[in-house]
Amino acid sequence: MSGFMDRRDFLKTAGAGALAVGTTSLTGCSFSSDKRDEVSGDAEMQMRTSPKNGEKVSLLGYGCMRWPMKKGEDGKDHIDQEAVNEMVDYAYRNGVNYYDTSPAYLQGQSEEAAGIALSRYPRESYYIATKLSNFNNFSREAGLKMYRDSQKALRTDYFDYYLLHAIGTSGFEGFEERYINNGLLDFLLEEREAGRIRNLGFSFHGRKAVFDQFMELHEKYHWDFVQIEMNYVDWEHAKVPENVNADYLYEELAKRNIPATIMEPLLGGRLAKLPDAIAEKMKEREPQMSIASWAFRFCGSYPNILTVLSGMSSMDPLIENVETFSHFKPLNDEEKAFLMEMANLMEDYPTVPCTACSYCMPCPYGIDIPTIFRHYNDHVNSGEIAQSCEQDHFQRLKRRYLVSYDRAVETVRQADHCIGCGQCRPKCPQSIDIPRALRRIDRYVENLKRETL
Amino acid sequence: MLKKIRTIAAGAVFILCTLLFLDFTGLAAKWFGWLAKIQFLPAVLAVNAGVVLALVLLTLVFGRLYCSIICPLGIFQDIAARSFKGWRKKHKKFYNWSPEKKWLRYGVLVIFIILLIAGFSAVTALIAPYSSFGRIAQNLFAPVWLWGNNLCAWIAEKAGGFAFEHKEVWIRSLPTFIIASVTFAVLVFLAARNGRTYCNTICPVGTVMSFFSRFAIFRPFFDTSKCSNCHLCEKNCKAACIDVDNHKIDYSRCVDCFDCIDTCKRGAIRYMPFWKAKQTEAQEVKKSVPAKDSGRRAFIGTSALVLGSLTLKAQDKKVDGGLATVLGKKVPERETPLVPFGALSVKDFYQHCTACQLCVSQCPNGVLRPSTSLEHLMQPEMSYERGWCRVECNRCAQVCPSGPIRNYSIEEKTTMHIGVAKVNLDLCVVNRDGVSCGNCSRHCPSGAILMVRKDPSDKDSLRIPTVDESRCIGCGACEFLCPSRPLSAIRVNGLKVHRRD
């Protein structure tokens, strides 16, 4: 579960995405070396040491949740394996050795694609993290099958990191139902004992009370690591009470010397696309650094972090992130304070805090939820939301919004078709009231069309 | 010179008239909508006495100029004929004089008037000139235009521009599309071989105009002293109305194209008021050559032309694998057809409508399409599978030339009632899927849908939609946005007589 959505994500369509992978290798070289395969200078990937066994883990981890998809001849989406191999090759050669996947990602194809790409390298030279993503069927058999299928797909008989997936979204009861009552946690503990799970942990989204309970359970289970959502917005501005501020999560883990792996360091790419006014401030301080690099440097500046996962969907962000983590410059206190100030400013923007993780999808009524939110957020960030029909350039803003809306989302998948059944609500790790947010956007669109703003 | 002026004027009118049907932005309709309103038949149906009188006067003064520079179908035939000029030359096929087919002309006109009064507008629309043109423009020209637009939109999208937006190309009614194709083929065929055959044998407007053009003040006249009987004018007369041997011109069929004046090298034909004309034909009476058999012009049976290859069914966009499949919506059965806001009643609407397709081509919401029912074939009706009749739009009322859709202001729209929604609770997702919905109620612009408890004894019961018939205006927002597919659980029935608050 990781957080770098392709910033050029107008290339969302699979074909265009694949094309981009083919071409960006040419355009992405902003640094001095002619060879794309190596990072400039004598820089090396920043590594962290696991307190459990002294393993060296790259501070940049590869999140396998946002790889490009291509339409196959059967009309279905398939991962573009060629592109994945190319990206994994680049990452591997530049020292990225942590790969995080799940049986649920990319319509269930992520593990297989990761297995194909990684099995070309010696098994002991990289770390695999995957999860028990038993969201629908809580039976022991289904859980065991999922575990074995992961081994097959990833072509391995052991997992370096294994996680209970998305703890907290369904409360403590959900945890008991998914892992305790069916004995699956006991099974996993045995597997750890047997060395087939080298580190056992959980990924967390949810309320503070559940997290506290899990910290208490540390005495019993000895979590080897915990995956949390952390970035400079969630540090103090997570949506409480449904979510917990990252500073609390981090401190609790650090206190117990449990290493943290980080997901959503970029909030699904939202921290790479900031409102113009905020982006300007960042560029004023560091004209040469990308907006996204601030977010990565923020996470990497905390010592108890094992790896920062980024779901790099094409070569551009991959090359850029490898660069960031190879010439890693931790933030000083003043810079951290600056980011806190930026996070405060961001509160004033009516963006929807969607990270495009697509856990809510597919909506049974066909709504393209993440794309509707992304389209809206883009317009908020670029200051292209109309406030009133009387304002200057209203017609231009109206046209731009409506034309690009139709381009981004098919008519029958737009917000006006949301019936508000609410089946998506519990699935959202960001605790967004999705029907309400969709309704807000629908109202805006209606106001644009009727010119009643 | 006269020909040049005629060509330029006709070209401009033709381009603007066609644009009226092609331009979906509404700009052309706003600036050139009057071009549709000065067409003869729409003006008659709209009881627009001013326009009718002006056209009659125009014809009484200048002859059938209307047919040459105002009627888009006439100009269209001229263009077709001109395009085949090379072919005619190669095959030595020239136009030539033929006597007036009185029985056909008047027969058609009489039947046309009877059908018009009796309300068989589907049949009248088949031969009415402006309707035929609209049909061709909407069904055959518009798709080409839209594909061009979509190519631009594709480029604009790649370049990140907003100058063009994608528009869906779809066949609104297969029968109408086929009829348009047949009309097109027949007219091009006739025009290529014999010029204005349609205008002078079938066209009811042409026949009406001919009553006046016979007595027009300005007409082309022979100057027999200059004529060398070369027949060049006759060979170039697309109306087949010049009888050189007798130095006679049939003014009932002359459409004032001025081609004869232009081709005559001796200046033997001149366009002038009748009192200036030197009537010299009497001196050189020659026996007239019998006209060739023009049976080949009988084309009424040719509608059997099959255009199977042209069934370009509008394709729906493929769905992303990460998205649930969304079934397309089916057209529901409506006991009474839905006709646009601005109509008085279904009956009045269909009586006045010439089936010109202008409203169909202009509807930005994909609501209007030609009817496929035999009774109203090609005349528009509404349906809500692709959109609903949005409350901020009155485009069809703005463009309608013949009066069935009376213009109204946007503010009035929610006070007009054209239909009434009816709920089918068996299809409603609240019952079928056991989820809460209310999307119909949320989007109803007139607040006509009340969500009531499914189980009145349970205060937390799911709510099902009911319709307050007195408030429903029939816009179809509920039907379009209903999640039940392929048939919506709420469907709008037309009102036979529209009502206003």
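The shown structure was predicted, so the numbers you read here are calculated from the model rather than taken from an experiment.

*Asks:* Which parts of the structure should I look at to understand the pairing of strand E10 (residues 225-229) of chain A?
*Replies:* Note on strand geometry: in a regular strand, side chains alternate between the two faces of the sheet. Residue and element names in this part refer to chain A. Extensive coverage of E10 is indicated by the burial of five of its five residues. Of the two faces of E10, both are covered, the one formed by Phe225, Gln227 and Glu229 as well as the one formed by Val226 and Ile228. In terms of strand pairing, strand E9 (residues 200-204) meets E10 through three bridges, oriented parallel. Bridge pairing links Ser203 to Gln227 in E10. Once the chain exits E9 it traverses helix H8 (residues 208-221) before rejoining the sheet at E10, and the crossover so formed is right-handed.

*Asks:* Quick question: what am I supposed to make of helix H1 (residues 2-22) of chain B here?
*Replies:* Residue pairs spaced three or four apart in an α-helix point in one direction, given the helix's 3.6 residues per turn. If you check H1(B), its first and last C-alpha atoms are 30 Å apart, about what 21 residues at 1.5 Å a residue would give, namely 30 Å. Of the surrounding elements, those touching the buried residues of H1(B) are helix H2 (27-37), helix H5 (65-70), helix H6 (72-83), helix H10 (129-159) and helix H17 (358-362) of chain B.

*Asks:* Would you take a moment to explain the domain arrangement of chain B for this structure?
*Replies:* When the parts of a complex come together, some accessible area is lost, and that lost area is often taken as the interface size. Residue and element names in this part refer to chain B. Domain annotation for chain B reports domain 1 (2-148 + 175-297) and domain 2 (316-500). At the interface, 27 residues of domain 1 touch 27 residues of domain 2. Of all elements in the fold, only H1, H2, helix H3 (40-45), helix H9 (121-127), H10 and helix H11 (174-194) reach the threshold of two or more residues within the side of domain 1 that touches domain 2. Looking at which element gives the most residues to the side of domain 1 that touches domain 2, the answer is H10, with six residues.

*Asks:* Whenever I open this one, the interface of chain B and chain A confuses me. Can you help?
*Replies:* Chain B puts 24 residues into the contact, and the matching count from chain A is 28 residues. Taken together, the residues of the side of chain B that touches chain A break down into 10 nonpolar, seven polar and seven charged.

*Asks:* Even after reading the chapter, I still don't get the domain arrangement of chain A, so can you show me in this structure?
*Replies:* Residues and elements named next belong to chain A. Each assigned domain of chain A is listed with its residue range as follows: domain 1 (9-346) and domain 2 (369-450). A straight line from the C-alpha centre of domain 1 to that of domain 2 covers 29 Å. Counting residues at the interface gives 12 residues for domain 1 and 10 residues for domain 2. Residue classes in the side of domain 1 that touches domain 2 are distributed as three nonpolar, four polar and five charged.

*Asks:* What should I look at first to understand the sheet that holds E10(A) in this one?
*Replies:* Either a parallel or an antiparallel arrangement is found when strands of a sheet pair, and the pairing is made through backbone hydrogen bonds. Residue and element names in this part refer to chain A. Spatial strand order, E3-E6-E7-E8-E9-E10-E11-E12: eight strands in a closed barrel with parallel pairing. In this sheet, adjacent strand axes meet at a mean angle of 25° when their direction is disregarded. As defined by bridge partners, strand E11 (residues 260-263) adjoins strand E12 (residues 305-310) across three bridges and the pair is classed as parallel. Counterpart to Thr261 in the pairing with E12 is Thr307. With respect to the sheet, helix H10 (residues 246-255) is in contact with E10 and E11, its orientation differing from that of E10 by roughly 170°.

*Asks:* How do you make sense of the confidence of the model for chain B when you look at a structure like this?
*Replies:* Should the pLDDT be low somewhere, the predicted coordinates at that spot are not to be read in detail. All names here are of chain B. Confidence along chain B averages 86 in pLDDT terms, with 91% of residues attaining 70 or more. For chain B, per-element mean pLDDT is lowest for H9, which scores 83, and highest for helix H21 (residues 477-481), which scores 96. This model gives residues 280-321 a pLDDT under 50, and the stretch forms 48 contacts once residues within four places in sequence are excluded. Listed scores for the predicted complex are pTM 0.74 and ipTM 0.74.

*Asks:* What exactly am I supposed to notice about the environment of Phe62(B) here?
*Replies:* Residues and elements named next belong to chain B. The topology assignment puts Phe62 in helix H4 (residues 49-62). Taking the number of C-beta atoms within 10 Å as the measure of exposure, Phe62 has 17 and is therefore partly exposed. In this structure the C-alpha to C-alpha distance between Phe62 and Ile217, which are 155 residues apart in sequence, comes to 6.2 Å. Once you skip the residues sitting within four places of it in the chain, Phe62 turns out to touch Ala216, Phe218 and Asp256.

Criteria and cut-off values
Per chain, residue numbering runs from 1 following the sequence as it is written. Naming scheme: in the order in which they are written, chains are lettered from A and ligands are numbered from 1. Reporting of local features is limited, given that this is a predicted model, to residues whose pLDDT is at least 70; pairs of side-chain atoms are given and counted only at 80 or more, and all residues count toward the totals for whole chains, interfaces and linings. With C-beta atoms placed from the backbone, a residue is labelled by how many other C-beta atoms lie within 10 Å of its own: buried for 20 or more, exposed for 12 or fewer, partly exposed between the two. Secondary structure is summarised from DSSP: a helix means a run of H or I of at least four residues, a strand means a run of E of at least two, and numbering begins at the N terminus for each. By the convention used here, strands pair only if DSSP detects at least 2 bridges between them. Seen with its strands pointing away from the viewer, a crossover is right-handed if its path from the first strand over the helix to the second goes clockwise. Residue count minus one, scaled by 1.5 Å, sets the expected span of a helix. Any pair of residues counts as being in contact when their C-beta atoms, constructed from backbone geometry, are within 7 Å of one another. Each domain's extent was defined by an automatic or database domain assignment. Throughout this entry, Asp, Glu, Lys and Arg are counted as charged residues, while Ala, Val, Leu, Ile, Met, Phe, Trp, Tyr, Cys and Pro are counted as nonpolar. The remaining residues, Gly among them, count as polar. To obtain each axis, a line is fitted to C-alpha atoms, and for helices this fit is confined to the stretch in contact; angles are then taken between N-to-C directions over 0 to 180 degrees. The predictor attaches a confidence to each residue, and that confidence, scored 0 to 100, is pLDDT.

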